[in-house]
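These are the residues of each chain, in order.
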Amino acid sequence: MKKREKKVNRHTRNFVRMPYFEYVAVSFMLIRFVTSLHCDIAFMESKEGKLKIANCQNIGLTQVPSFLPNDINILDLSENNIKNLSNYDFERYGILEKLIVKKNKLHHIEDKSFVGLNRLKILDMSENKLNLLHSYTSDLFLPLVNLRNLDIRRNMEQQSETNLYHYPDNAFAVLEQLDFFALDMAPNPSFGKGFRRLKKLKSLTFELCYLQYLNNSVFENFSSNINELNLKVCRLHLVHVENDILLPFPKMTKLNLDGTCMHLKQALNILSPYRGKRFKLINFGGLSCPAFNNENYTFVVTITKEMMQYLRTICVEWLDLSDNGIVDFEEDSLLSYDRPECLENIFFKGNRFAFSKGRQMDELKSFLQNCKNLKTLDYSYIPVKYELSNNDLDRNIVHEKQQFESKSSEVIILPRSLETLLLSNVLCYDFQRIFLIPEGSNLTNLDVSFGFSLTSILFQKNSSQKIETLVIDGHPYSSFIVQEELMNNGKIKTFKWRDASLYIHMNPENKHYSSRIQELFKKLKYLEHLDMSKNSLWFLPANVFESMTYLSEIRLSKNLFHLVPRQIMDLTNIKLLDFRQNLLTTLDKNTRVWADSMNQQHGLSILMEDNAFECNCDNLDFIDWINKTKVKLDSRSYKCTLVNGSLITVRESYEKMHDLFSHCESSTWLTVASTLLSTCFVTGFLFLIYGKRWEISLFFYQKFRIIVKKKYCKSFKYDVFVSYGDDSGPWIKNYLIPKLEHEWKLKMCFKDRDFLPGCSYFDTEAESIENSRHVIFLLTPSFKSSEDYLFAVERVKHEKRIRNIENIIVLAKDISLKDIPTELTYIWNYVSFIQWPDDTDDFDIMWQQLRLWVCSDLM
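Predicted, not measured: the structure shown is a model, and the values here were computed from it.

(A) Here's a closer look at the overall build of the protein. Counting secondary structure elements, the protein contains 22 helices and 43 strands. A sequence separation of at least 24 residues applies to 68% of the contacts in the protein between residues at least 6 apart. When the accessible surface of the protein is summed, it comes to about 44,600 Å², and 50% of that surface belongs to carbon and sulfur atoms.

Below is the structure:
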């Protein structure tokens, strides 16, 4: 029977043929085989040889499957609904080396559940509901004599009590081969003497952390061989730490306290046992928590020489001091290290200190000069000083910039060894500083996104030749990207230009910037990854991807595309398209054919969540394609809108296609009939026109003559009619009349001089507008309060509609564009606008512009 069992093939799901009398004998096995049919069996090459893997992830299992092949090496049961592990559940899998049961609902494990797993090396039961005090008995792990890696973190429920929490040391003491242990941390932990037997333990991790107290004796029973301690994201309490907690770990080389509410001052003090030692990693990122700000441990931190007394002596390769509220540093403190040549990666991200002039700048330059092996410098997310919109500050900045240009004291020369420079989100409007990339630099990754400061980057000759990743998010047309040295290096493979309002520059009407961006993109010949998300784009310039023959990934999410741009169809190496959160209503036939072709060649993934897809008769082919294509999609249940406006998923519309779209066939026939009827009507109409062609020609000839005569042969009584408010009389008398009538010899009409008493005011105004070639609205603060301005606007609209007026000119004086009456905006398409300047030097330009419009037929 075991032989037949092995012949069951999961991929074909066909049973081996057997005689009829044997069906009854094996029928009892069918139900139990169902579980194995949903698990993927695969092979993987490793250093130890070929491994057989059973992937049963996320298939709804409620218990351990018992009819998988018994020669599997790795079993993945993660993301199922298993609540209990029973005795002998894994006994038949005797050569299992790795077992993953994370993200289930485990809350109980029987004592003999792991019997038979004497070869197991890795056990992952993280993210379950196992009570640390009650789930692990002293006999539970006895069969696991070769276990090296145990992960039971993220199981503890939130602990509010601060009483001493005794960990079950007897349960873990049997795991003498363990070298990696990950578990949860109680508020006030106590690790018993049983942990002394874990002599081979090297890595200790606490992740789901409710820690509140760390006294000097808390780790005393752990192995002195531990070289890595991770105590991450303890944010429920401010952790009170005694200085000598790390004395039991003399061989420590990796210390990670990322995100733990332990004040930076405390963290630096616990390094006292490691004077002069060598570390691979010290991660003190995100320690200072503003929620626990007090007099002793303030959120605002100034680094002192005393705080750095231990860290400065340590030879550390990776140092992270990010997000600690650092606002300043004393002399010979933050940037002073006994062995700066050890530093390879340093992170200052998320603090609030700036490298000012004088002493701090000198220390920075000395520090970078001595860090001969530095590979990563992260000085990003630094909000020091915002730009203030006042003229005095602007003048000071310009003055400071001019002073700087004659000096070189603020030039910061970066090490040639530097590979990654992160200067994103820097807000430092204090003084200008320049980061100089020297010749022979190894810089490959440059991020200057969302930088609003006086910081600049300059490249010496050939110093940008190795840059492969460039991020300039937030810069509409950044000065960084126009440097020939940077863009012509021919090595950039990843280019990110997000949230930069590119719709302004890529607008088809903005031909100048559109062509410049095309020229820029032509230089990116070796680009592989392009990200222009969140730019409100609905259009891409023609041939924008023409030179990018290696492009394999395009991300255009959070834009306004209604269709996938045609330019993408010319690319032949695309493996990922990201069009999430756009306005796509469908994928047209050409796009679908191209996508299937790309998928057959090298595989293709398309991301399209949160679009405006429509489920209607015109989109039936698209709905069918979504459910049948082999292209890898981020979903096959995209939301779409039915004709009645209701929302449904594409999968539901596919499953209910007959019910939802049965009317589409009748609509098709109705369309055909309507088309035929329309064709007959148009044909008859054309025959009618042909028969009456001479009468029609004569009719249009007569009408055209009337229009031409009316426009070009009418004689006007006035050249210019002026509509104005009560405060404009002196200006018209002293400036407008001398210029238009005396100098330009034009005849003007305005109410204070040319309207005769006794006649109807509005009749006179209407007649004057009708007999004027041009109309000028003189906008001043009192214009809207005049009694007749609405009538004048309406009359001008009428005369413009019947083509009596040639030009409507709006001349704004002592009034801004936003205060212009809304009634004028209705004729704005026909208006020539002049903003009268305050500066007398610009008067001649304005007069010339006005003369061009009112005297064009005389010039």
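(B) Here's a closer look at helix α19 (residues 761-770). Of the residues making up α19, those classed as buried are Thr764, Glu765, Ala766, Ser768 and Ile769. If you follow the buried residues of α19, they end up packed against β39 (718-724), β40 (748-749), β41 (772-779) and α20 (789-801).

(C) Quick look at the nonpolar core. Leu99, Phe114, Met125, Phe141, Phe284 and Phe521 are the most contacted members of the largest nonpolar core, which totals 180 residues. Those residues in contact with Leu99 that lie beyond four places of it in its chain are Leu75, Leu77, Phe90, Phe114, Leu117, Leu120, Ile122, Leu123 and Asp124. With 23 residues, the next largest nonpolar core counts Val722, Ile732, Ile737 and Ile834 among its residues.

(D) Summary view of the confidence of the model for the protein. Residue-level pLDDT values for the protein average 83, and 85% of them are 70 or greater. Below pLDDT 50 for its whole length, residues 1-37 participates in 30 contacts with residues either more than four positions away or in separate chains. Note that residues 478-482 has pLDDT below 50 and, in this model, eleven contacts with residues that lie over four places away or in other chains.

(E) Quick look at the sheet that holds strand β38 (residues 647-649). The sheet built from three strands is open, its strands ordered β35-β37-β38 with mixed pairing. The open sheet terminates on both sides in strands that have one partner only, identified here as β35 (613-614) and β38. Here β35 runs beside strand β37 (residues 639-641); their pairing, made up of two bridges, is parallel. Bridging from a neighbouring strand, Phe613 pairs with Cys640 of β37.

(F) Representation of the pairing of strand β14 (residues 228-231) in the model. Where strand β12 (residues 203-209) meets β14, four bridges bridge the pair, whose relative direction is parallel. When the sheet's bridge partners are listed, Thr205 is paired in β14 with Asn230. Bridge analysis of β14 against strand β16 (residues 254-256) gives three bridges, and the strand direction is parallel. Directly across from Glu228, in β16, lies its bridge partner Lys254.

(G) Local environment of the environment of Cys261. Looking at the secondary structure, you find Cys261 in the loop between β16 and α5 (264-269). Residues Cys261 and Leu287, spaced 26 residues apart in sequence, show a C-alpha to C-alpha distance of 4.9 Å. When near neighbours in sequence (up to four residues on either side) are disregarded, Cys261 contacts Cys234, Arg235, His237, Leu238, Val239, Leu287, Cys289 and Phe292.

(H) How the structure looks around the sheet that holds strand β43 (residues 831-835). Pairing is parallel across the open sheet formed by five strands, whose spatial order is β40-β39-β41-β42-β43. In the strand order of this sheet, the two ends are held by β40 and β43, each with one partner. Summarising the sheet, β39 and β40 pair through two bridges and their orientation is parallel. Looking across to β40, one finds that Phe721 is bridged to Cys749.

(I) Broad picture of the packing of α19 against α20. Where α19 meets α20, the closest approach of the two axes is 10 Å, and the angle between their N-to-C directions is 35 degrees. Between α19 and α20 lies a crossing of right-handed hand. Contacts between α19 and α20 involve Phe762, Glu765, Ala766, Ile769 and Glu770 from the former and Phe791, Ala792, Arg795, Val796 and Glu799 from the latter. Looking at the contact of α19 with α20 residue by residue, the class counts come to six nonpolar, no polar and four charged.

(J) Molecular detail of the environment of Gln369. Residue placement: Gln369 occurs in helix α6 (residues 359-370). On the basis of relative accessible area, Gln369 is assigned to the exposed category, the value being 58%. Once the C-alpha coordinates of Gln369 and Pro415 are considered, the two residues, 46 residues apart in sequence, prove to be 6.4 Å apart.

(K) Quick look at the pairing of strand β10 (residues 180-185). Of all six residues in β10, six are buried, a share of seventy percent or more. Bridge count between strand β8 (residues 149-151) and β10: three bridges; the pairing is parallel. Bridging from a neighbouring strand, Leu150 pairs with Phe181 of β10. Across five bridges, β10 lies against β12 in parallel orientation. Bridged to Met185 within β12 is Cys209.

(L) View of unusual backbone geometry. Positive phi, close to 50 degrees, is recorded for Asp499, a residue that is not glycine. Among the structural elements, Asp499 can be located in the loop between β30 (494-496) and α9 (502-505). For Asp499, a relative accessible area of 32% gives the class partly exposed. The phi torsion at Asn543 lies on the positive side, around 60 degrees, for a residue other than glycine. The partly exposed category is assigned to Asn543, whose relative accessible area is 49%.

(M) Molecular detail of the packing of aromatic side chains. Scanning all chains against the criterion turns up 39 aromatic pairs. With a centroid separation of 5.7 Å and 35 degrees between ring planes, the pair formed by Phe495 and Trp497 is classed as tilted. What makes Phe495 buried here is its relative accessible area of 0%. Seen from the ring of Phe43, Lys50 lies directly overhead, with NZ or CZ sitting 5.8 Å from the centre. Positioned above the aromatic ring of Tyr724, the side-chain terminus of Lys751 is 5.0 Å from the ring centre.

(N) Quick look at the pattern of salt bridges. In total, this model carries 23 salt bridges according to the counting rule given. The salt bridge involving Asp151 is made with Arg153; its shortest N-O contact spans 3.0 Å. For Asp151, a relative accessible area of 6% puts it in the buried group. The salt bridge involving Lys375 is made with Glu344; its shortest N-O contact spans 4.0 Å.

(O) Structural detail: a nonpolar patch on the surface. Residues Phe681, Val682, Phe685, Leu686, Leu688, Ile689 and Ile696 make up a contiguous nonpolar surface patch of roughly 660 Å² in combined accessible area. The leading source of residues in the nonpolar patch is helix α15 (residues 663-691), at six residues. Along the chain, Val682 turns up in helix α15. Residue Val682 is classed as partly exposed on the basis of its relative accessible area, which comes to 44%.

(P) Inspection of helix α11 (residues 589-602) at higher detail. The terminal C-alpha atoms of α11, which comprises 14 residues, lie 20 Å apart, in line with the 20 Å expected from a rise of 1.5 Å per residue. Every buried residue belonging to α11 is among Thr591, Arg592, Trp594, Ala595, Met598 and Asn599, and all of these are buried. Projected down its long axis, α11 shows its buried positions confined to an angular sector of 165 degrees, all on one face. Those residues of α11 that are exposed and angled more than 90 degrees off the buried face are Lys589, Asn590, Val593, Gln600 and Gln601. On its buried side, α11 packs onto β33 (576-578), β34 (605-607), α12 (620-628) and β36 (632-633). The N-cap of α11, judged by a side-chain oxygen 3.0 Å from the amide nitrogen of Asn590 a few residues on, is Asp588. Immediately beyond the C-terminal end of α11, within one or two residues, lies Gly603, with a positive phi of roughly 85 degrees.

What counts as what
Residues numbered from 1 in each chain as written. Predicted model: local features only at pLDDT ≥ 70, side-chain atom pairs only at ≥ 80, totals over all residues. Heavy atoms only, no water. Helix = DSSP H or I, 4+ residues; strand = E, 2+ residues; numbered from the N terminus. Contact = heavy atoms within 4.5 Å. Areas by Shrake-Rupley, 256 points an atom, 1.4 Å probe, with all protein chains shown as cover. Buried < 20%, exposed > 50% of the residue type's maximum accessible area, 1.4 Å probe, protein only. Core = buried A, V, L, I, M, F, W, Y, C linked by side-chain atoms within 4.5 Å. pLDDT = per-residue confidence, 0-100. Pairing = 2+ DSSP bridges. Axes fitted to C-alpha atoms, helices over the stretch in contact; angles between N-to-C directions. Left-handed = near helix turned anticlockwise from the far one by under 90°. Nonpolar A, V, L, I, M, F, W, Y, C, P; charged D, E, K, R; others polar. Phe/Tyr/Trp six-rings, centres within 6.5 Å; stacked < 30°, edge-to-face > 60°. Lys NZ or Arg CZ within 6 Å of the ring centre and 35° of its normal. Salt bridge = Lys/Arg side-chain N within 4 Å of Asp/Glu carboxyl O. Patch = residues over 30% accessible without salt bridge, like charges linked within 9 Å, V, L, I, M, F, W, Y side chains within 5 Å. Expected span 1.5 Å × (residues − 1). Arc of directions from axis to C-beta. Polar contact = N/O pair within 3.5 Å; in protein donor to acceptor, adjacent residues only side chain to side chain.

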